[in-house]
Amino acid sequence: AQKVTQAQTEISVVEKEDVTLDCVYETRDTTYYLFWYKQPPSGELVFLIRRNSFDEQNEISGRYSWNFQKSTSSFNFTITASQVVDSAVYFCALIIPTGGGNKLTFGTGTQLKVEL
Amino acid sequence: NAGVTQTPKFQVLKTGQSMTLQCAQDMNHEYMSWYRQDPGMGLRLIHYSVGAGITDQGEVPNGYNVSRSTTEDFPLRLLSAAPSQTSVYFCASSPWTAGSGNTIYFGEGSWLTVV
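Residues numbered from 1 in each chain as written. Chains lettered and ligands numbered in written order. Predicted model: local features only at pLDDT ≥ 70, side-chain atom pairs only at ≥ 80, totals over all residues. Heavy atoms only, no water.

## Observations regarding the pairing of strand S1 (residues 4-7) of chain B
Residue and element names in this part refer to chain B. Side chains of S1 alternate between two faces, with Val 4 and Gln 6 buried and Thr 5 and Thr 7 left unburied. Here S1 runs beside strand S3 (residues 19-25); their pairing, made up of four bridges, is antiparallel. From the neighbouring strand, Val 4 faces S3, where its bridge partner is Gln 25. (Buried < 20%, exposed > 50% of the residue type's maximum accessible area, 1.4 Å probe, protein only. Helix = DSSP H or I, 4+ residues; strand = E, 2+ residues; numbered from the N terminus. Pairing = 2+ DSSP bridges.)

Below, the structure written as structure tokens:
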């Protein structure tokens, strides 16, 4: 069975600091998809990124960047120059597409607090 | 551009009452699912459906019932509410697989309290 671990329950930083959210996954399948979602205080889930297991290229989108390393089964998320608006719960998730369907396995989430 | 619509957004139930959380999508997606979110546990899959007339259990199905009579709708029924079902519920829909860059769309969530 697959598993996603987000060991950091809560992180507090001061605005403009860089912060990295860790995600470690477990699966025996060679084909899988990894996701990051943001859940702001308003409660909705905001899609941030999807990465398939065959694409190990790191990705940068503005202040956000993702580091995918199959060798360590990690898919870490870095926010550069954090802002108060980044305060949210961030979830890492995994899909194994074998047999079809989109059953997401979520990590327990990391609460990020960005203070002035 | 409705996407995934969940109702109600907030609900308080008494123990033993039944209710239905509604979920509708207008994107003609085959795959729909329900998750519950509890503190410190992330989101866990309750039930899912791969098309009209087909449903299956997820990780935490006990106490919940689903049906999929149309492509658009996937209601979640609580047969006899218990305090342990106090949670935030999310409905999601997507095309059949996560491949080919398909996106999974989530509803805005339903906050349920059972007293």
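## Observations regarding the sheet that holds strand S7 (residues 64-66) of chain B
All names here are of chain B. The strand order across the open sheet formed by four strands is S1-S3-S8-S7, and the pairing between neighbours is antiparallel. Taken across any chain shown, the strands that pair with only one partner, and hence form the sheet edges, are S1 and S7. For this sheet, the mean inter-axis angle between neighbouring strands, taken without regard to orientation, is 20°. Pairing of S7 with strand S8 (residues 76-78), which is carried by three bridges, proceeds in the antiparallel orientation. Paired with Asn 65 across the strands is Arg 77, a residue of S8. (Axes fitted to C-alpha atoms, helices over the stretch in contact; angles between N-to-C directions.)

## A closer look at the packing of aromatic side chains
One pass over the full model with this rule turns up 21 aromatic pairs over all chains. Connected via pairs of aromatic rings, a cluster forms that spans Phe35(A), Tyr37(A), Phe47(A), Phe91(A), Phe106(A), Tyr35(B), Phe90(B) and Phe106(B). (Phe/Tyr/Trp six-rings, centres within 6.5 Å; stacked < 30°, edge-to-face > 60°.)

## Section: the pattern of salt bridges
Scanning the entire structure with this criterion turns up seven salt bridges over all chains. Two residues, Glu10(A) and Lys113(A), come together in a salt bridge whose shortest N-O distance is 3.5 Å. Of this pair, Glu10(A) sits in strand S2 (residues 10-14) while Lys113(A) sits in strand S12 (residues 110-115), and the two are 103 residues apart along the sequence. Overall, the relative accessible area of 35% leaves Lys113(A) in the partly exposed class. Across the pair Asp38(B) and Arg36(B) runs a salt bridge whose closest N-O atoms are separated by 2.8 Å. Among the charged side chains, a salt-bridge network with shared partners connects Arg51(A), Asp55(A) and Glu59(A). (Salt bridge = Lys/Arg side-chain N within 4 Å of Asp/Glu carboxyl O.)

## Things to note about the environment of Thr20(A)
Residue and element names in this part refer to chain A. Topologically, Thr 20 is positioned in strand S3 (residues 19-21). For Thr 20, a relative accessible area of 34% corresponds to the partly exposed category. It is 4.2 Å that separates the C-alpha atoms of Thr 20 and Thr 78, two residues lying 58 residues apart in sequence. The residues touching Thr 20, leaving out its near neighbours within four places in the chain, are Gln 8, Ile 11, Asn 76, Phe 77 and Thr 78. Within the local environment of Thr 20, its side chain forms a polar contact with the side chain of Thr 78, the two groups lying 2.8 Å apart. (Contact = heavy atoms within 4.5 Å. Polar contact = N/O pair within 3.5 Å; in protein donor to acceptor, adjacent residues only side chain to side chain.)

## Examining the side chain of Asp38(B)
With respect to the helices and strands, the residue Asp38(B) is situated in strand S4 (residues 31-38). The residues contacting Asp38(B), other than those within four sequence positions of it, are Arg44(B), Thr86(B) and Ser87(B).

## Things to note about the state of the cysteines
Residue and element names in this part refer to chain A. For the coordinates displayed, the defined rule picks out two disulfides over all chains. Here Cys 23 pairs with Cys 92 through a disulfide, and the sulfurs are 1.9 Å apart. Given an S-S torsion of about -65°, the disulfide between Cys 23 and Cys 92 has left-handed geometry. Of this pair, Cys 23 sits in the loop between S3 and strand S4 (24-26) while Cys 92 sits in strand S10 (residues 88-95); the two residues are 69 residues apart in sequence, bridging distant segments of the chain. By the burial criterion, Cys 23 is buried, and Cys 92 matches it. (Disulfide = S-S within 2.5 Å.)

## Concerning unusual backbone geometry
For the bond running from Thr7(B) to Pro8(B), omega is -10°, close enough to zero to count as cis. Note on placement: Pro8(B) falls in the loop between S1 and strand S2 (10-13). Positive phi is not limited to glycine here, since Lys16(A) has a value of about 85°. Within the secondary structure, Lys16(A) is located in the loop between S2 and S3. For Lys16(A), a relative accessible area of 67% gives the class exposed. Located in the positive-phi region is Ser73(A), a residue other than glycine, with phi close to 50°. Of note, Ser73(A) is situated in the loop between strand S8 (64-69) and strand S9 (74-79).

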